[in-house]
There are 4 protein chains.
Amino acid sequence: MTKLTLAEAERILAGTLRRGEQLGKALSVAIVDDGGHLISVKRSDGARALTPSIAIAKAYSAAIMERPTNMLYDWAQSNPGFFAQLSTMASHPIVATEGGVTIKRDGEILGGLGVSGGTPAEDQQACEEVLKELGYELVFGG
Amino acid sequence: MTKLTLAEAERILAGTLRRGEQLGKALSVAIVDDGGHLISVKRSDGARALTPSIAIAKAYSAAIMERPTNMLYDWAQSNPGFFAQLSTMASHPIVATEGGVTIKRDGEILGGLGVSGGTPAEDQQACEEVLKELGYELVFGG
Amino acid sequence: MTKLTLAEAERILAGTLRRGEQLGKALSVAIVDDGGHLISVKRSDGARALTPSIAIAKAYSAAIMERPTNMLYDWAQSNPGFFAQLSTMASHPIVATEGGVTIKRDGEILGGLGVSGGTPAEDQQACEEVLKELGYELVFGG
Amino acid sequence: MTKLTLAEAERILAGTLRRGEQLGKALSVAIVDDGGHLISVKRSDGARALTPSIAIAKAYSAAIMERPTNMLYDWAQSNPGFFAQLSTMASHPIVATEGGVTIKRDGEILGGLGVSGGTPAEDQQACEEVLKELGYELVFGG
C-alpha cells in the first residue's frame, strides 16, 4: 500500500489554503492518513480557534468511514442515536457535514482531507477542487 | 492585541448585574478572554445553581465562535448533530441561544460576555446594552 | 441556614486578591456555596489560563467534602484509585492539595474558597488569612 | 499583544524538522497559540501514529502553563494525583516531560512548540535550538 507522504499532504493543504485566499476566507485544513492519524494541520491567520479541530474531525471521518463526510447525512438522519455513538468508538467525532473528503488514488484510500472556516459549500468545494487538481479520485459508491 | 483586564471585566459585569436589578431578575454573569478562558463570574443572590455554568458556556461560545450566540441558531438548526459535536471539541458547551455576546473593540475580539437568569430576551438585552454603554462594538458580519 | 451572599463572597475574594498583590503573585480565586455551586470567580491580570478552573476545583472540593483540601491528602494516599473515582461522581475534580478552605461560621458550612497561582503554601496561607480576618472559622475535625 | 502567524509557525516547524533529519529521527511537531489552540502540526514520514498528538499535548502544556514542560516535573512528582487532574480541566493532557517549550518574545508568551519522535533529550534540544536560532526567548523563572 502507498502511504501519503508529508510532502504530498503539504501540497494538498497549500492548494486548499490558496482557494481560501481566493474566496477571502480564513480556513483551517487537516490531513490524516489511512488509519485516521494526523499528518498535517494548518490554521490560516484569522481562522477561528476551533476550526483546526473541526477540520481534523472532518478529515478523520472521511478517512475512517472511507467516504466523504457529506455522504454520511443519510445514516445520521436515519439513525441519529446510533450515529452519535460511532463517535464514542472513535478517536475524533464522526461528522456528517460538508468539507471532509477521502483522499483516494488508484482505488486505494490514502487518507482524508478536512476543511473548516468557509460556508459548508465553500469547505466542500475547496476539498473537491484541490483533490481533483492534484489527480486524486473523487468517485465513491453509495 | 489588547487583553481584557480584570478591572474592565468587573465593570462590564457590574453594569450587567445592575440591569438585572432594574429588571427584578437575579442574574449570573460571566466573562472569558479571547482564548475562551475565565476572567470573572458572579452569581446574584437568588440566581439558580446552574446559572453561572450557563453564563460561562454563553460567554465561551461567543468568544470562541467570534459572534453572538444568537447568531448560531441557523447552524444549530441546519445540522443539529454536527453542531452538538462542536461541544466535544471545546472546553465548554457551544450554545445557540440568547445571552452570549462577543466583546469587541477597534475590530479586535477581546472575549465574551454571558448572562443567564432572565428570559432569553432579557439576557440578550442586558448583554447588548451594557456593552454598548461601555463603548464596545456590537456589529457582526453574517 | 444562612446563605453566603455575593457581597460576602466578593469581600472574601477582594481580601484574597489583595494578599496576592502583597506577595507579588497573580492569583485566581473562586467561591462556591454549600451545594458546591459557583458564586464568584476572579482571575487577576497575568494569572495563567487554567488557574480559575483550578481555584474552582479547590473551592468545590472544600465545600463538598466539608474540610480543607489539604486534609484530603491522607485519603488520596491511602486509596488513590478510590479517591480518583470520587471526581467522576462530582461536578468538578475533588483535589487533595493546598489552597482550598471550607467557609464556615457558627458551625455552619457556607461554602468553599479556592486559590491558585501562588506556591502551594502561598495559596493556602492566602485562604486561611483572609477567612480568619473576616471572622470565619478555620477549625476542622479529623 | 502580538499573535503568532501561520508563516512564523511554519518557519519554526521547518527548522525543527530539519533538526530531526540531521539526527536521523522522524519527528512530529506542533505549534499552538497563546490560548492553546492549534496553529500547525506536521508528522514526518515514518513518525509513529500517536506522535502528532503527543507533540500537540506538549505544545499545549507549554503554552497554557507558561513554561517548558520539563519544568513541570517537580509539580507532577510532588502531587501526582492533583497533577493528573489538571488534564481534566484542559483541552489536551498537561504533560511533564521533555520536548515542549513556550514560544516567547519580548517577554510575551505567543504560544507553545511541541516535539515528539526522538529521545526525550533530542526532542528537548530540537525545541530549544530552533527557538534560539529564530530569536525567541528561552529563559523562564522558577
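Structure's up top.
This one's a predicted model, so the numbers in the text were calculated from it and none came from an experiment.

**Some details on the overall build of chain A**
Check the secondary structure of chain A and you find five helices and four strands. N-terminal to C-terminal, the α/β element order of chain A is α-β-β-α-α-α-β-β-α. Principal-axis analysis of the C-alpha atoms gives chain A an extent of 40 × 35 × 25 Å. Taken over 142 residues, chain A has a buried fraction of 56%.

**A closer look at the packing of aromatic side chains**
All names here are of chain A. One pass over the full model with this rule turns up eight aromatic pairs over all chains. Taking the centre distance of 5.9 Å and the plane angle of 50° together, the rings of tryptophan 75 and phenylalanine 82 count as tilted. The partly exposed category is assigned to tryptophan 75, whose relative accessible area is 25%. Grouping aromatic residues by their ring pairs yields a cluster made of Trp75, Phe82 and Phe83.

**A word on the relation of the copies chain B and chain D**
The transform that puts chain B on chain D rotates by 180° and translates by 0.0 Å along the axis, for an RMSD of 0.0 Å. Taken together, the rotation and translation relating the two chain copies correspond to the operation of a two-fold axis. Both copies share a contact surface, since 100% of the interface residues of chain B are interface residues in chain D too.

**Describing helix α2 (residues 51–64) of chain A**
Residues and elements named next belong to chain A. Helix length check: α2, at 14 residues, gives a terminal C-alpha distance of 20 Å against a target of 20 Å (1.5 Å per residue), a fit within 8%. The element α2 is largely enclosed, with a buried count of twelve among its 14 residues. Residues of α2 that are buried include every one of Thr51, Pro52, Ile54, Ala55, Ile56, Ala57, Lys58, Ala59, Tyr60, Ser61, Ala62 and Ala63, and no others. One or two steps after α2, the chain reaches glutamate 66, where phi turns positive at roughly 60°.

**Comments concerning the side chain of glutamate 98 of chain A**
All names here are of chain A. Within the element layout of this structure, glutamate 98 appears in the loop between α4 (80–86) and β3 (100–105). One buried charged side chain, glutamate 98, makes no salt bridge at all; its nearest oppositely charged neighbour is lysine 58, positioned 8.5 Å away. A polar atom in the side chain of glutamate 98 sits 3.4 Å from the side chain of tyrosine 73. Once residues lying within four places of it in the same chain are set aside, the contact partners of glutamate 98 are Lys58, Thr69, Asn70, Tyr73, Pro120 and Gln124.

**Concerning the packing of helix α1 (residues 6–23) of chain D against helix α5 (residues 120–133) of chain D**
Residue and element names in this part refer to chain D. Two numbers describe how α1 lies on α5: the axes approach to 9 Å, and their chain directions differ by 135°. With respect to α5, the element α1 is oriented oblique. Every pair of crossing elements has a handedness; the one defined by α1 and α5 is right-handed. Mapping the contact onto sequence places Ile12, Gly15, Thr16, Arg18, Arg19 and Leu23 in α1 and Glu122, Ala126, Glu129, Val130, Leu131 and Glu133 in α5. Across the contact of α1 with α5, the residue classes tally to five nonpolar, two polar and five charged.

Thresholds, definitions, all that
- Residues numbered from 1 in each chain as written.
- Chains lettered and ligands numbered in written order.
- Predicted model: local features only at pLDDT ≥ 70, side-chain atom pairs only at ≥ 80, totals over all residues.
- Heavy atoms only, no water.
- Helix = DSSP H or I, 4+ residues; strand = E, 2+ residues; numbered from the N terminus.
- Buried < 20%, exposed > 50% of the residue type's maximum accessible area, 1.4 Å probe, protein only.
- Phe/Tyr/Trp six-rings, centres within 6.5 Å; stacked < 30°, edge-to-face > 60°.
- Least-squares fit on C-alpha atoms with pLDDT ≥ 70 in both.
- Contact = heavy atoms within 4.5 Å.
- Expected span 1.5 Å × (residues − 1).
- Lys, Arg positive; Asp, Glu negative; His and termini not counted.
- Salt bridge = Lys/Arg side-chain N within 4 Å of Asp/Glu carboxyl O.
- Polar contact = N/O pair within 3.5 Å; in protein donor to acceptor, adjacent residues only side chain to side chain.
- Axes fitted to C-alpha atoms, helices over the stretch in contact; angles between N-to-C directions.
- Parallel < 35°, antiparallel > 145°, perpendicular 65-115°, else oblique.
- Left-handed = near helix turned anticlockwise from the far one by under 90°.
- Nonpolar A, V, L, I, M, F, W, Y, C, P; charged D, E, K, R; others polar.

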